[in-house]
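Given next are the chains, with one letter for each unit.
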Amino acid sequence: MKKFIPSRLIFIALAFWIAHIFLRSLLLFRSNPYGFAFVSKPDWYIFHAVCLDFLWIFNSLIAFSLLTALISFVQQKISKKTYPIYGNISAILFALFHSVILLFTLLDHEVQRFLGSHLSFGLVDTYKDTSSIVMFWDYVANDYSVPFLQFFVLALILPATYVCFRLIQKFLAGKSLKIPLIAMAIFYVASYLFVYVIWTGNARMTKLRPVVSLVYNELFDAKRIDRLSSNELAILGSAYQNLWQQVEGDSLWIFPQNETGKKLPLYRIPSEALTSNEELQAKRHQKPNFIVFFLESHRGMNVGYLNPGKPSPTPFLDSLAAYSRAWFRMHTSGLPTTGGVLTSHLGLPHHSQLAEATDLAHVNLPSFASVLSDSGYATHYFSAADPAWDNLGVWMAKWYNAEHYDRSREDDSTFFDYTASFILDSLAHREKPFLATIMSRSNHYPFNFAAGMSDADKQKPLTERIQITMNYTDRQLARFIRSIQNEPWYKNTYLVILADHGFPLGENDVSTMNGSAFSNATWIPFIIHGNGIVPAQDTATAAQIDIAPTILELAGIAVPNIFMGHNLLRGYGSGLSLGAYSKVADIGFKGYRLIARYPLNSGDVDGLFAESDTHQKQNLASQKTEIVQELEAILDTLIRISDYTLETGF
C-alpha cells in the first residue's frame, strides 16, 4: 500500500500564501484612492499580515489533509485498495476554496481602500443595485494610486498563483517534505506568538482581519446584537430619560410608564400644556412649507461663515446665514450619506453595528417626513443621486408621497432647475402645505462632478477641487432660492439647510469616511431661514438627531415620538450631540466632544476636544480623564438604548 502524503496541498498552500503576501503589500504600501497613504506605517502592518495569513492558511491545510486522510482511510477499509483519485479531488477542492477566498480578499481590500471598512454582507446588500457599477467605475477611474489596477490584478492573480504553484512543485518535487513541514510548524508557532502575544494591537488586527474571519464573524458573531434584558432596559431607559429631560430643560414631554413606555423607553408623548400652547397652535394653523436641503459633503471646515477670515467657497450660504439662525457646532449623527440622511429623519444616531439602510429596512420607524405626511402635508423627496444606489429609496418610499430622480439630472444645475420648476408648477399650487427634501450631488468625491470643470481643475489636489465643487453647488443653491423667493408662498416657507456629512482630507491622519468621527467628517453647516426666525449665531452643541424635533416644532406638530434629539429653537442649555459611525461613536456634552471606539474598550479613545475647538487641534484626553470616563458612560447608555430602539421599531 502506497503511503498517502498530501504534497500538492502543501504546494497549493504555499502558493496561495505568496499570493496573499502580494495582495497585502499592494494594499499596505500604496495610497488609497484619495491620494493618502492607506496606513502611515506599513512596516507596522506587513509582518502581522504575513503571519495572520500563514496562520489561517496552515489551519486550512491541516483541515483538508485530515479530510483527505479520512476519506482515504474509509475507502481503504471498504475496498482494501488505495485510489490516488481521492488525493486529486482533495487538491482540486483545496485550490478552489483558496481561489474563491483570494478573489474575495481582493474585493475586501478595495472596499477597505475606498470606504475604510471591511467587506460585509450588509454592505454587499446595500450596494447590490446595478447603478452601483457606474459609481464603482468612477471611483476606480479616479483612483489616485493606479487607475484600473484592480482589474489587472483580478485578471492575473489566479494565473500568477498557478505559476507560483508550479515553481514550488518543481523545486520540492521528489524531495523529502520533512524539513519544509518542520519549518512551517515552527513559523506557525512563531506567527501566533508574534501577533497574539509579542506585538498585539486591536485596531491593527481589525484592519488586517482575513476574509475567512470576516465570513465567520458575519455568520456567527455579527448578528449577535447585545439584546437588553428587562432589567438592563429599565436601568438604561431611566438614565436616558433623566438626561433627556435635563438637556430639554422643561417638562412639556412625558415618558409614560405604561407597557409601551417600558418596552420602548424613548417613547414620549406631549403634555396637555404643550398641545394647548397658543404659540404651537398658531404655528400649526399657519401650516408653513418646508424646503430641506442636504448638501453633499459640505465640510464645516470649508464653509465660509464657520471659518471667518478664510477664503470661502460658499459666499451665498454665508450671506444667507447672516439673516438666519446659524448653528456653529452642528455635527452629523451617522456616516456616510445613508447615515446622515437617515439620522436626520429618524432623530436617532446610526446603529453602531448594523448597516442600517439595509439591515433595518424592515423596521417601522417614523421620521419628520412621515409625521408631516400623516398631518396632511404633500411630501416629496428630490435626489440628484440615485436613491436606490444605497437603499435610501426604500426608506423614502415609506415616508414621502413621491420620489424624484432621473439620471439626466445628476448635475446640481439641471437638478435644482427641475426641482424649482416642480415646486413652482405643482407643489405650490396645491391646497395643502408641502415638504420638499432635496439631496444634491455635485460636491461628491472625487470632486470633479461640477459642470464645466476644466481638465486643469480636475487635476488639482482634492483640497482644491472640493473648493471648486462646493462653490459650484453654492451657485446653484443661490439660483434656486432666487427663483422662488418672490413667490407669495415663500413668506410662509422655512428653508432648512445642512450637509449630509463632511469629508476627511488628511486632517487628524484620516482620509476615509468610515472609522473616524473627527470634525473633518462630522462638522457640518446648519441654518434655518424663514419668517419669524431671528438671525443668530448659535454655539449650542447640536447634531442631526435634532433636525426632526426642530422641524416638527416649527410646523406646530407635537405627537408621540421616539426622537432622541431636541428642538433646537427652545433656547435652553448648551445641548447634546450624538453620533455612531463605523466602530466609532462620539458625544458632545458639557462643553466637550469625545470620540471613542465603539463598543467601548478601556483607553480606546480617539480624542477629547473642547467644543469650541471645532478644528480639533488640541486633544485633551490625557489631561481630562474624569471627563472622558463620564462621557464614555453617558455615550454607552445612549448608544445601547438607541441601537435597541432601532432594532425594535415604533
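Being a predicted model, the structure only gives us computed values, none of them experimental. (Residues numbered from 1 in each chain as written. Predicted model: local features only at pLDDT ≥ 70, side-chain atom pairs only at ≥ 80, totals over all residues. Heavy atoms only, no water.)

Overview of the packing of helix α10 (residues 230–248) against helix α24 (residues 625–648)
Here comes step 1: The contact between α10 and α24 brings their axes to 10 Å, and the two run at 115°. Viewed along their axes, α10 and α24 adopt a mutual orientation that is roughly perpendicular. Handedness of the α10/α24 crossing: left-handed. Here α10 contributes Glu232, Leu233, Leu236, Gly237, Ala239, Tyr240 and Leu243 to the contact with α24, which in turn contributes Ile634, Thr637, Leu638, Arg640, Ile641 and Tyr644. (Axes fitted to C-alpha atoms, helices over the stretch in contact; angles between N-to-C directions. Helix = DSSP H or I, 4+ residues; strand = E, 2+ residues; numbered from the N terminus. Parallel < 35°, antiparallel > 145°, perpendicular 65-115°, else oblique. Left-handed = near helix turned anticlockwise from the far one by under 90°. Contact = heavy atoms within 4.5 Å.)

Brief notes about the nonpolar core
Here comes step 1: One finds Phe368 and Leu372 to be the most contacted residues of the largest nonpolar core, which totals 87 residues.
Here comes step 2: At nine residues, α24 tops the list of elements feeding residues into this core.
Here comes step 3: If we ignore the near neighbours within four places in the chain, the residues touching Phe368 are Ser344, His345, Tyr400, Leu435, Thr437, Ile547, Ala548, Ile551, Leu552 and Phe563.
Here comes step 4: Membership of the second largest hydrophobic core comes to 57 residues, among which are Phe382, Phe434, Tyr445 and Phe518. (Core = buried A, V, L, I, M, F, W, Y, C linked by side-chain atoms within 4.5 Å. Buried < 20%, exposed > 50% of the residue type's maximum accessible area, 1.4 Å probe, protein only.)

Some thoughts on the sheet that holds strand β14 (residues 592–597)
Here comes step 1: The strand order β12-β13-β14-β15 describes an open sheet built from four strands, whose pairing is antiparallel. Every other strand in the sheet has two partners, leaving β12 (576–580) and β15 (605–610) as the edge strands with one partner each. On average, each strand axis in the sheet is inclined to that of its neighbour by 5°, with strand direction left out of account.
Here comes step 2: Where β12 and strand β13 (residues 584–589) come together, five bridges link them in antiparallel fashion. When the sheet's bridge partners are listed, Ser577 is paired in β13 with Gly588.
Here comes step 3: Sitting on the sheet, α24 touches β12, β13, β14 and β15, and the angle it makes with β13 is about 115°. (Pairing = 2+ DSSP bridges.)

So, the packing of helix α19 (residues 412–425) against helix α21 (residues 462–484)
Here comes step 1: At a minimum axis distance of 9 Å, the contact between α19 and α21 shows a crossing angle of 15°. With respect to each other, α19 and α21 are oriented roughly parallel. You can see that α19 and α21 cross each other, and the crossing is right-handed. Residues Asp412, Ser413, Phe416, Asp417, Thr419, Ala420, Ile423 and Leu424 of α19 pack against Tyr472, Thr473, Gln476, Leu477, Arg479, Phe480, Ser483 and Ile484 of α21.
Here comes step 2: Taken together, the residues that form the contact of α19 with α21 break down as eight nonpolar, five polar and three charged. (Nonpolar A, V, L, I, M, F, W, Y, C, P; charged D, E, K, R; others polar.)

Some remarks on the pairing of strand β7 (residues 434–439)
Here comes step 1: Counted residue by residue, β7 has six buried out of six residues, so it is predominantly covered.
Here comes step 2: Side chains Phe434, Ala436 and Ile438 project from β7 onto one buried face, and the interleaved Leu435, Thr437 and Met439 project onto a second face that is buried too.
Here comes step 3: Bridge analysis of strand β3 (residues 289–295) against β7 gives five bridges, and the strand direction is parallel. Note that in β7 the partner of Ile291 across the bridge is Ala436.
Here comes step 4: In this sheet, β7 lies alongside strand β5 (residues 378–383) in parallel orientation, the contact comprising six bridges. Across the sheet, residue Phe382 finds its bridge partner in β7, namely Ile438.

Some points on the environment of Ser191
Here comes step 1: Positionally, Ser191 belongs in helix α7 (residues 178–198).
Here comes step 2: For Ser191, a relative accessible area of 1% puts it in the buried group.
Here comes step 3: It is 9.5 Å that separates the C-alpha atoms of Ser191 and Asp53, two residues lying 138 residues apart in sequence.
Here comes step 4: In this view, Ser191 contacts Cys51, Phe54 and Leu55; residues no more than four positions away in its chain are not counted.

Some details on unusual backbone geometry
If a residue is not glycine, its phi is most likely negative; likewise, a peptide bond is most likely trans.
Here comes step 1: The step from Tyr445 to Pro446 runs through a cis peptide bond, and the omega angle for that step is 10°.
Here comes step 2: Summarising the element assignment, Pro446 is placed in the loop between β7 and α20 (455–458).
Here comes step 3: Between Tyr598 and the following residue, Pro599, the backbone shows a cis peptide bond with an omega angle of 5°.
Here comes step 4: Considering the arrangement of structural elements, one finds Pro599 in the loop between β14 and β15.
Here comes step 5: The backbone of Asp509 sits at a positive phi, close to 60°, despite the residue not being glycine.
Here comes step 6: Mapped onto the fold, Asp509 is located in the loop between β8 (493–499) and α22 (519–522).

A closer look at the pattern of salt bridges
Here comes step 1: All chains considered together, the criterion is met by 16 salt bridges.
Here comes step 2: Asp53 is the salt-bridge partner of Arg24, the closest N and O atoms lying 2.9 Å from each other. A residue pair is termed long-range when its members are at least 10 positions apart, and Arg24 in helix α1 (residues 7–28) and Asp53 in helix α2 (residues 43–79) qualify at 29 residues. For the pair Arg24 and Asp53, one class covers both residues: buried.
Here comes step 3: Between Glu232 and Arg640 there is a salt bridge whose closest N-O contact spans 3.4 Å. (Salt bridge = Lys/Arg side-chain N within 4 Å of Asp/Glu carboxyl O.)

Re the packing of aromatic side chains
Here comes step 1: All chains considered together, the criterion is met by 33 aromatic pairs.
Here comes step 2: Ring centres 6.2 Å apart and planes at 35° place the aromatic pair Tyr418 and Phe422 in the tilted group. Of the two residues, Tyr418 and Phe422 both sit in helix α19, four residues apart, roughly one turn of that helix.
Here comes step 3: A residue is classified by how much of its surface remains accessible, and Tyr418, at 26% relative accessible area, is partly exposed. (Phe/Tyr/Trp six-rings, centres within 6.5 Å; stacked < 30°, edge-to-face > 60°.)

Let's talk about the environment of Glu356
Here comes step 1: Relative to the helices and strands, Glu356 is located in helix α16 (residues 356–359).
Here comes step 2: The buried category is assigned to Glu356, whose relative accessible area is 0%.
Here comes step 3: In this structure the C-alpha to C-alpha distance between Glu356 and Asn391, which are 35 residues apart in sequence, comes to 9.7 Å.

Some remarks on α7
Here comes step 1: The end-to-end C-alpha distance of α7, which contains 21 residues, comes to 28 Å, matching closely the 30 Å that a straight helix rising 1.5 Å per residue would cover.
Here comes step 2: All of the buried residues along α7 are Pro180, Met184, Ser191, Phe194 and Val195. In an axial view of α7, the angular spread of the buried residues amounts to 95°, which keeps them on one side of the axis. What points out from α7, more than 90 degrees from its buried face, is the exposed set Lys178, Ile179, Ile186, Val197 and Ile198. (Expected span 1.5 Å × (residues − 1). Arc of directions from axis to C-beta.)

A short note on a nonpolar patch on the surface
Here comes step 1: The grouping of Val189, Tyr192, Leu193, Tyr196, Val197 and Ile198 at the surface amounts to a nonpolar patch, some 600 Å² of accessible area in total.
Here comes step 2: Structurally, Ile198 is set in helix α7. (Patch = residues over 30% accessible without salt bridge, like charges linked within 9 Å, V, L, I, M, F, W, Y side chains within 5 Å. Areas by Shrake-Rupley, 256 points an atom, 1.4 Å probe, with all protein chains shown as cover.)

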